Each structure stands twice: as structure tokens, then as C-alpha cells.
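Notes for the structure review
Now for the letters of each chain:
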Amino acid sequence: MSSQQLLVTYEGNIQKILFNRPEKRNAISFDIYTNLVKILQSGATDFNVTLTVLSGVGDYYSSGNDMTNNPTDLINEDTDTSITLQKYVAAFIDYPKPLIAIVNGPAIGISATTLALCDIVFASDTATFHTPFTLRGMTPEGCSSVLFPRIFGNSVASELLYTGRKLNAQEALQYGFVSGVFTTEEIERDLWPRIHAWAKLPPQSMIFAKQLVRVPMLSMLHEANKRECKRLEERWESEEFMNAITAFFNRKSKL
């Protein structure tokens with residue numbers, strides 16, 4: 001299962017998913033929001049897939065939500081709780097197999113917060129992590145309201161989520177947000193052989209190990225996701241959000 005904006009390949013027992021909009025810094029479009037869910041569901045039920053790796057094409061992992069999206073279009077008119085964004089985050093929460101991210105460059109917004117839902121995260125030495133929600137008149141998503149304080153501690157998490165502090169790769173390693181930092185050469189030479197070795201481990205043992213780690217948190221994560229998306233719906237209708245988006249496009253037009 002592939003779309004032009006998501007490049008999906010299979011290497012042995014590894015499902016590899018790449019954000020593939022390098023001309024847009026791999027910004028997440030509606031196509032990506034809907035199709036990544038389907039691709040993860042496919043990997044979850046494919047007996048030939050032991051683990052899944054996420055990364056990006058080009059210099060960016062992902063610049064987050066495509067700002068040309070109309071946020072109110074994310075809302076499914078059938079029910080208030082069935083939101084495209086909520087389903088996207090839920091796909092990360094519920095993925096039953098090891099989910100590994102190789103952050104090959106900047107990760108912004110939703111692409112940064114969902115890293116906390118991955119099982120293992122590695123970073124290029126060019127990677128940065130940025131959650132500029134308040135700058136855009138929005139609020140945290142991707143379960144970051146509950147996971148970031150656990151990972152970073154309350155003070156640093158508040159700085160990241162409230163003020164939009166940007167982390168570099170070494171800082172992310174220091175706080176345990178990523179497991180290792182590699183150059184591009186080291187990713188190919190050292191990291192990928194390690195991942196291929198993991199893909200040969202007994203798959204059911206890894207699934208059961210993840211269940212033991214993740215199941216106690218599932219209810220909390222789904223509730224956080226639902227709560228965050230509900231607040232975002234309100235934010236998208238606010239004057240603050242409209243002003244922030246207008247200012248964003250005005251700055252872009254002057255570049």
C-alpha cells in the first residue's frame with residue numbers, strides 16, 4: 001500500500017514508510033493523514049512484517065501539518081469524536097508491533113509529538129524537534145500533554161509545549177527522547193544492520209513484550225488523544241488561531 005506522498009517498501013521483515021513530499025518539507029497532507037493509518041493497519045496484520053520503520057525523504061523528517069490544510073476539514077461530520085487527526089494518532093497508539101522512527105532531519109508539530117508514541121527513536125545529527133503550538137494559536141496533540149512530562153519532566157515539557165522551545169538531536173538524546181544520534185553515513189553503515197538484526201528476532205515475543213509495556217497506558221493515551229483533539233476543534237474556531245494563521249501566511253508571502 002503506497003501513495004505518492006508515502007513511500008512504502010519492504011526489506012525482509014521490515015516495513016519501511018517514508019514521508020515523501022520533500023518539496024514541501026514532508027508536510028503532512030490529508031492524503032498522509034488518511035493513508036498512513038491504512039498502511040499501519042496493513043503492517044499490523046501482515047505476518048511477513050516484524051517491525052515498521054518511519055523516516056523521511058530528503059532533509060526533513062516532517063515539517064508537521066501542512067498549513068495549507070483547512071483544519072476544520074479534519075472533522076468528520078458523522079460524529080464529534082471521529083476526527084481525522086484522532087484516528088491518525090490512534091494508529092500510532094494501537095500499532096501492535098515495534099515501531100521505530102529514524103528522524104533524518106527536523107521534526108515539527110504532529111511529526112514530533114507522535115515520536116513519543118513510537119517504541120524506539122533514532123536521530124540524525126541534523127535533526128531538531130519543535131512543537132510551536134501556541135505560536136499557531138493551537139494546543140498540544142499526539143498525546144504530548146501526557147507523554148512529554150513523563151519523558152522530559154514537567155519543567156522542560158512545559159517549556160517545549162507552552163513556549164515552543166526547539167531541541168537539537170544531542171539535547172533529545174540527553175532527555176531520553178531518542179536512543180541514539182548518528183551521522184547520515186552511520187545510519188546506513190551501523191544503524192540499518194542493527195535494525196535488520198532485530199527484524200529476525202521472534203516476532204510474537206516482541207509483540208507480547210510491547211503489549212506488556214503498552215497495555216497499561218492504552219486507556220490513558222486514547223483519553224488524552226480524544227481530549228486534545230476536542231480542544232483543537234475549539235482552537236480552530238478561535239480568533240487567536242485565525243490571527244496566528246494570517247500572520248503565518250503574511251510572513252511567508254514576504255519571504
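Here is a short report on the structure shown in this document.

Conventions used here
The numbering scheme is per chain: residues are counted from 1 as the chain's sequence reads. A pLDDT threshold of at least 70 governs which residues receive local features in this predicted model, and a stricter bar of 80 or more applies before side-chain atom pairs are shown or counted, although totals over entire chains, interfaces and linings include all residues. To obtain the side-chain values, all non-hydrogen atoms of the structure were included, while hydrogens and water were left out. Strands are runs of DSSP state E lasting at least 2 residues, helices are runs of H or I lasting at least 4, and numbering of each runs from the N terminus. Note on contacts: a residue pair qualifies if any of its non-hydrogen atoms lie within 4.5 Å across the two residues. Areas reported here follow the Shrake-Rupley algorithm with a probe of radius 1.4 Å; residue values treat only the protein chains shown as occluding. His is not counted, nor are the chain ends, whereas Lys and Arg count as positive and Asp and Glu as negative. Throughout, a charge is located at the NZ atom of Lys, the CZ atom of Arg, the CG atom of Asp or the CD atom of Glu. Should DSSP find at least two bridges between two strands, the strands are taken to pair. Fitted lines through C-alpha atoms give the axes, limited to the stretch in contact for helices. The angle between two N-to-C directions lies from 0 to 180 degrees. Put simply, the grid is 1 Å and covers the protein atoms alone, a cavity is a trapped set of points that fit a 1.4 Å probe, a pocket is an open set with protein on both sides within 12 Å along at least five of seven lines, and lining residues have an atom within 4 Å of a point. Grid points are joined across faces, edges and corners, and a volume is the space filled by probe spheres set on the points. Amino acid classes used here: Ala, Val, Leu, Ile, Met, Phe, Trp, Tyr, Cys and Pro are nonpolar; Asp, Glu, Lys and Arg are charged; the rest, including Gly, are polar. Helices are assigned an expected span. That span is 1.5 Å times one less than the residue count. Exposure is judged per residue with a 1.4 Å probe applied to protein chains only, and the accessible area is read against the type maximum: over 50% gives exposed, under 20% gives buried, and values in between give partly exposed. Bend is the name given here to the angle between axes fitted to two runs of seven residues, the run ending at a residue and the run starting at it. If an angle is under 35 degrees, it is roughly parallel; if it is over 145, roughly antiparallel; if it lies from 65 to 115, roughly perpendicular; otherwise it is oblique.

1. Topic: the overall build of the protein chain
Within the protein chain one finds 9 helices and 9 strands. Pairs at least 24 residues apart make up 74% of the contacts formed inside the protein chain by residues separated by at least 6 positions. By element, 53% of the accessible surface of the protein chain is carried by carbon and sulfur atoms, the whole surface being about 12,200 Å². With 24 positive and 27 negative side-chain charges, the protein chain shows a spacing of 2 Å between the two charge centroids.

2. Re the sheet that holds strand β4 (residues 99-103)
Pairing is mixed in the open sheet, where 6 strands are placed in the order β1-β2-β3-β4-β6-β9. Edge positions in the open sheet fall to β1 (6-11) and β9 (180-182), since each of these has one partner strand only. Each adjacent strand pair in this sheet contributes to an overall mean axis angle of 20 degrees, direction not counted. Packed onto the sheet, helix α1 (residues 30-45) meets β1, β2 (14-19), β3 (51-56) and β4 and runs at close to 175 degrees relative to β2.

3. Things to note about the layout of surface pockets
Roughly 300 Å³ of internal volume is contained in the second largest pocket. Taken together, 18 residues line the second largest pocket, and the ones lying closest to its centre are L115, A116, C118, D119 and I151. At the level of elements, β6 (120-124), α4 (144-152) and α8 (203-236) are the ones that each hand at least two residues to the lining of the second largest pocket. Here the residues of the lining of the second largest pocket sort into 13 nonpolar, 2 polar and 3 charged.

4. Thoughts on empty space enclosed by the protein
Evaluated as defined, the whole model comprises 1 cavity of 30 Å³ or more. As a volume, the largest cavity reaches approximately 50 Å³. Every residue along the wall of the largest cavity is listed here: A112, F129, H130, T131, F148, F152, L160, R165, L167 and F177. In terms of residue class, the lining of the largest cavity is built from 7 nonpolar, 2 polar and 1 charged.

5. Focus on α1
Across its 16 residues, α1 extends 24 Å between first and last C-alpha, which sits within 8% of the 22 Å expected from 1.5 Å per residue. Burial in α1 covers these residues: I32, Y33, N35, L36, V37, I39, L40 and G43. Those residues of α1 that are buried lie in contact with β1, β2, β3, α2 (84-94), β4 and α3 (110-113).

6. Here's the deal with helix α7 (residues 184-198)
With 15 residues, α7 extends 20 Å between its outermost C-alpha atoms, agreeing within 8% with the 21 Å of an ideal straight helix rising 1.5 Å per residue. At L191, α7 shows its largest bend, some 35 degrees, and a proline, P193, comes one to four positions later. Looking only at α7, the buried set comprises I187, L191, W192 and I195. Those residues of α7 that are buried are in contact with β1, β2, β3, β4, β6 and β9.

7. Details of the pairing of β4
Of all 5 residues in β4, 5 are buried; the element is thus mostly enclosed. Neither face of β4 is open: one carries L99, A101 and V103, the other I100 and I102, and all of them are buried. Sheet topology note: the β3/β4 ladder contains 3 bridges and is parallel. Each residue of the ladder has a partner; that of L54, found in β4, is A101.

8. Description of the packing of α4 against α8
What describes two packed helices is the angle between their axes and the distance between those same axes. Contact geometry of α4 with α8 gives a least axis separation of 9 Å together with a crossing angle of 125 degrees. On the basis of their axis angle, the class for α4 and α8 is oblique. Residues S144, S145, V146, L147 and R150 of α4 touch α8, and the partners they reach there are M217, M220, L221, A224, R227 and E228. Tallied by class, the residues present in the contact of α4 with α8 amount to 6 nonpolar, 2 polar and 3 charged.

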